[in-house]
Amino acid sequence: MSTYAIGDVQGCFDELQQLVEKLKLAKSDRLWFVGDLVNRGPKSLDTLRFVKQLGERAVVVLGNHDLHLVSEHEGFGSARKGDTFDDVLGAPDSKELVGWLRTRPMMHVEGDWAMVHAGLLPQWSVAKGVLLGKEVQAALAGLHYRDFLKNMYGSKPDAWNEGLARWDRLRVIVNAMTRMRFCTPEGKMDFKAKGKTPPPGYAAWYELRKDKEAIACGHWSALGLKLTPKLAALDSGCVWGGKLTALRLEDRALFEVPCAGYQAPGEEA
């Protein structure tokens, strides 16, 4: 059995099909998706339907674009420039698909690998991150999930402390795991810088990690593909005309397909 971690698909369904064909999957193989299945590419609906029907063969963690779709579906989000998931919102099975997406985890850990969409704060071990992610997952899957969605957005607080409660606590967890690129050693996050250069006093979140587990992530297309012994950053910018990338976790073999590009560079979020 092999496990393939796949970078941000963002509705690039045709490229995903090409990549899956290139992998020549066995029936026991599994696909890990690092988040952002939807938006900015042309076929979010086809992508969701395909990944959902994979059942237990697919592991999906939530990304910021996935949460944006969930919020839009529930009436709490506002349309943004470049959104391309109207095909999902107008589909006859939209409620089923978005309900499935809403209940995906924030993190997944198996063996020596952890997967999260954006990153983890330096104050969190992988084990701590899993517990915090489960708090968000429980809120999104619970009877009162709409109350959480109503209070999910915002960039404050911008740092973690154990005393945070209710919406502030959940919001910091979501922001770290789906939006973060740079933070300070003390865990204060910056949400404005999107390139490779950190603001003064900040560093790339992964440079501050000390855990033994390797982390597979996405979200940061400007960073591009970055592979180190402890990091597999797999957002190689498919929707921007880059590549869609899969990494076989057992031996770190790399598989890529070129992408047409459906958005102009510089609109990353």
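Not measured: the values here are computed from a predicted model.

Enquirer: I'd love a proper account of the overall build of the protein, names of residues and values included.
Expert: In terms of regular secondary structure, the protein is built from eight helices and 13 strands. Against the compact-globule benchmark of 18 Å for 269 residues, the protein has a radius of gyration of 17 Å, which places it among compact chains. Referenced to the eigenvectors of the C-alpha coordinate spread, the extents of the protein come out at roughly 45 × 40 × 35 Å. The long-range share in the protein, meaning contacts at least 24 apart out of those at least 6 apart in sequence, stands at 66%. In the form shown here, the protein has an accessible surface area of approximately 11400 Å², with 52% of it arising from carbon and sulfur atoms. The positive charge centre, built from 36 side chains, and the negative charge centre, built from 34, are 3 Å apart in the protein.

Enquirer: An account of the environment of His73 is needed here, citing residue identities and associated values.
Expert: Assignment of secondary structure puts His73 in helix H3 (residues 64–74). Overall, His73 belongs to the partly exposed group, its relative accessible area being 25%. With 16 residues separating them in the primary sequence, His73 and Leu89 have C-alpha atoms 6.4 Å apart. With near-sequence residues (within four places) excluded, His73 lies in contact with Leu89, Ser94, Lys95 and Val98. Here Glu74 takes part through its side chain, which lies 3.4 Å from a polar atom of the side chain of His73.

Enquirer: I'd love a proper account of helix H2 (residues 44–53), names of residues and values included.
Expert: Along H2, the residues that are buried comprise Ser44, Leu45, Thr47, Leu48, Phe50 and Val51. Looking at the packing, one finds that the buried side of H2 touches helix H1 (13–23), strand E2 (30–33), strand E3 (58–60), H3, helix H4 (86–89) and helix H5 (94–102). Following H2 by one or two positions, Gly55 has its phi on the positive side, about 60°.

Enquirer: Lay out the pairing of strand E5 (residues 113–116) with the relevant residues and their values.
Expert: Residues in a regular strand project their side chains so that they alternate between the two faces of the sheet. Of the two faces of E5, the one holding Trp113 and Met115 and the one holding Ala114 and Val116 are both buried throughout. Hairpin connection from strand E4 (residues 107–110) to E5: two residues lie between these consecutive antiparallel strands, with Gly111 at a positive phi of about 60°. Relative to strand E9 (residues 214–217), E5 is paired through three bridges, and the arrangement is parallel. When the bridges of E9 are listed, Trp113 appears paired with Ala214.

Enquirer: Let's hear about the sheet that holds strand E8 (residues 203–204): which residues, and what values?
Expert: In spatial order, the strands read E7-E6-E8; together these three strands make up an open sheet with antiparallel pairing. Strands at the two margins of the open sheet, each flanked by one partner only, are strand E7 (189–190) and E8. Where strand E6 (residues 182–183) and E7 come together, two bridges link them in antiparallel fashion. Counterpart to Cys183 in the pairing with E7 is Met189.

Enquirer: Break down the packing of H2 against H5 for me, citing the residues and quoting the values.
Expert: Across the interface, H2 lies against H5 with an axial gap of 11 Å and an inter-helix angle of 65°. Both H2 and H5 take part in a crossing whose hand is left-handed. Along the contact surface, H2 presents Leu45, Leu48, Arg49, Val51 and Lys52, while H5 presents Glu96, Leu97, Trp100 and Leu101. Taken together, the residues that form the contact of H2 with H5 break down as six nonpolar, no polar and three charged.

Enquirer: Break down the pattern of salt bridges for me, citing the residues and quoting the values.
Expert: Per the stated rule, a full pass over the model turns up 13 salt bridges. One salt bridge in this structure joins Lys43 and Asp14, with 3.0 Å as the shortest N-O distance. One end of the pair, Lys43, is in the loop between E2 and H2; the other, Asp14, is in helix H1, with 29 residues separating them in the sequence. Among the residues examined, Lys43 registers a relative accessible area of 29% and is labelled partly exposed. A salt bridge links Asp93 to Arg49; the shortest N-O distance between them is 2.9 Å. Residue Asp93 is located in the loop between H4 and H5, and its partner Arg49 is located in helix H2; the two are separated by 44 residues in the primary sequence.

Enquirer: Can you lay out the packing of helix H6 (residues 126–141) against helix H7 (residues 145–152) for me, pointing to particular residues and giving the numbers?
Expert: Contact pair H6 / H7: the axes reach a minimum separation of 6 Å and the direction vectors enclose 120°. Comparing their axes, H7 and H6 come out oblique. Residues Val136, Ala139 and Leu140 of H6 form the contact with H7, whose participating residues are Tyr145, Phe148 and Leu149. Looking at the contact of H6 with H7 residue by residue, the class counts come to six nonpolar, no polar and no charged.

Each value, and the rule that gives it
- Residues numbered from 1 in each chain as written.
- Predicted model: local features only at pLDDT ≥ 70, side-chain atom pairs only at ≥ 80, totals over all residues.
- Heavy atoms only, no water.
- Helix = DSSP H or I, 4+ residues; strand = E, 2+ residues; numbered from the N terminus.
- Rg over C-alpha atoms; globule rule 2.2 N^0.38 Å.
- Contact = heavy atoms within 4.5 Å.
- Areas by Shrake-Rupley, 256 points an atom, 1.4 Å probe, with all protein chains shown as cover.
- Lys, Arg positive; Asp, Glu negative; His and termini not counted.
- Charge placed at Lys NZ, Arg CZ, Asp CG, Glu CD.
- Buried < 20%, exposed > 50% of the residue type's maximum accessible area, 1.4 Å probe, protein only.
- Polar contact = N/O pair within 3.5 Å; in protein donor to acceptor, adjacent residues only side chain to side chain.
- Pairing = 2+ DSSP bridges.
- Axes fitted to C-alpha atoms, helices over the stretch in contact; angles between N-to-C directions.
- Left-handed = near helix turned anticlockwise from the far one by under 90°.
- Nonpolar A, V, L, I, M, F, W, Y, C, P; charged D, E, K, R; others polar.
- Salt bridge = Lys/Arg side-chain N within 4 Å of Asp/Glu carboxyl O.
- Parallel < 35°, antiparallel > 145°, perpendicular 65-115°, else oblique.

Nothing here speaks to function; it is all geometry.
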